[in-house]
Amino acid sequence: RLNLREQLIREVEIIPLEVVCRNIVAGSMSQRLGIEEGTPLPRSIIEFYYKKDELNDPMVTEEHITAFNWATTQELDDILAMTVRVNDYLSGMFGAVGITLIDFKIEFGRVWENDFARVILADEISPDSCRLWDTATGEKLDKDRFRRDLGNVIESYTEVAKRLGIMKDMPTVIQGGLH
Ligand code: TMP
């Protein structure tokens, strides 16, 4: 972090996958499988989507990923292990401030060290790419407020930042600018 608005970013060779991890059924899984939103999953489920806007990011399996050389088997193992770690970390972090991590999406990229490629997390983690529900009330505190036209988008994002203690010293952000 360089300052409030800038970060120094490492360039990666992006792997063309959106990796989704789900703890509770919501969104496209609810629609695809006809399971009510809010149903806890028996265990966390990781899904892969091929990053291709023209095709609406179709869901793919590990077979597609390795057959088309989007990632190797070893890279996929690393991606799965890192996704589980991110899920454990974020679930605990949000759980501690009364927020349930329903699901999230992350991406990965390769960094080259001489001839050796290493896979690293290459994404932001924010309410834009997570589903975050207030544990006590079930209130949505994420981008679904925007996607589903529920209102109070800024207030919800601000609430998440405040609970995490990352907005303590910052001015309140409200529509139209900083105040
Ligand atoms: P989904 O239920 O629409 O498949 O979304 C699962 C999670 O992934 C949810 O937290 C939102 C996030 N997501 C993105 O960040 N970008 C996307 O393009 C999509 C489809 C989902």
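Criteria and thresholds
- Residues numbered from 1 in each chain as written.
- Predicted model: local features only at pLDDT ≥ 70, side-chain atom pairs only at ≥ 80, totals over all residues.
- Heavy atoms only, no water.
- Pairing = 2+ DSSP bridges.
- Helix = DSSP H or I, 4+ residues; strand = E, 2+ residues; numbered from the N terminus.
- Near = heavy atom within 4 Å.
- Polar contact = N/O pair within 3.5 Å; in protein donor to acceptor, adjacent residues only side chain to side chain.
- Nonpolar A, V, L, I, M, F, W, Y, C, P; charged D, E, K, R; others polar.
- Buried < 20%, exposed > 50% of the residue type's maximum accessible area, 1.4 Å probe, protein only.

**Q** Can you walk me through the pairing of strand S3 (residues 40–50) in this structure?
**A** Regular strands show a simple pattern: their side chains alternate between the two faces of the sheet. Pairing between strand S2 (residues 17–24) and S3: seven bridges, direction antiparallel. In the sheet register, Cys21 faces S3, and the bridge partner there is Ile46. Here S3 pairs with strand S4 (residues 59–60) via two bridges, running antiparallel. Across the sheet, residue Phe48 finds its bridge partner in S4, namely Val60.

**Q** Just to check I follow, could you spell out the site of the ligand for this structure?
**A** In the neighbourhood of the ligand, 14 residues make up the surrounding shell, with Arg22, Ser28, Asp103, Lys105 and Arg131 lying closest. Side-chain polar atom of Ser28 to an oxygen atom of the ligand: 2.6 Å apart, as the coordinates give it. For the shell around the ligand, the elements supplying multiple residues, two or more each, are S2, helix H1 (27–33), strand S5 (99–106) and strand S8 (130–134). Its residues assigned to classes, the shell around the ligand shows four nonpolar, three polar and seven charged.

**Q** Got a minute to help me understand helix H5 (residues 153–163) in this structure?
**A** Think of an α-helix as 3.6 residues a turn; residues three or four steps apart then line up on the same face. Those residues of H5 not exposed but buried are Ser156, Thr158, Val160 and Ala161. Looking one or two residues beyond H5, the residue adopting positive phi is Gly165, at roughly 75°.

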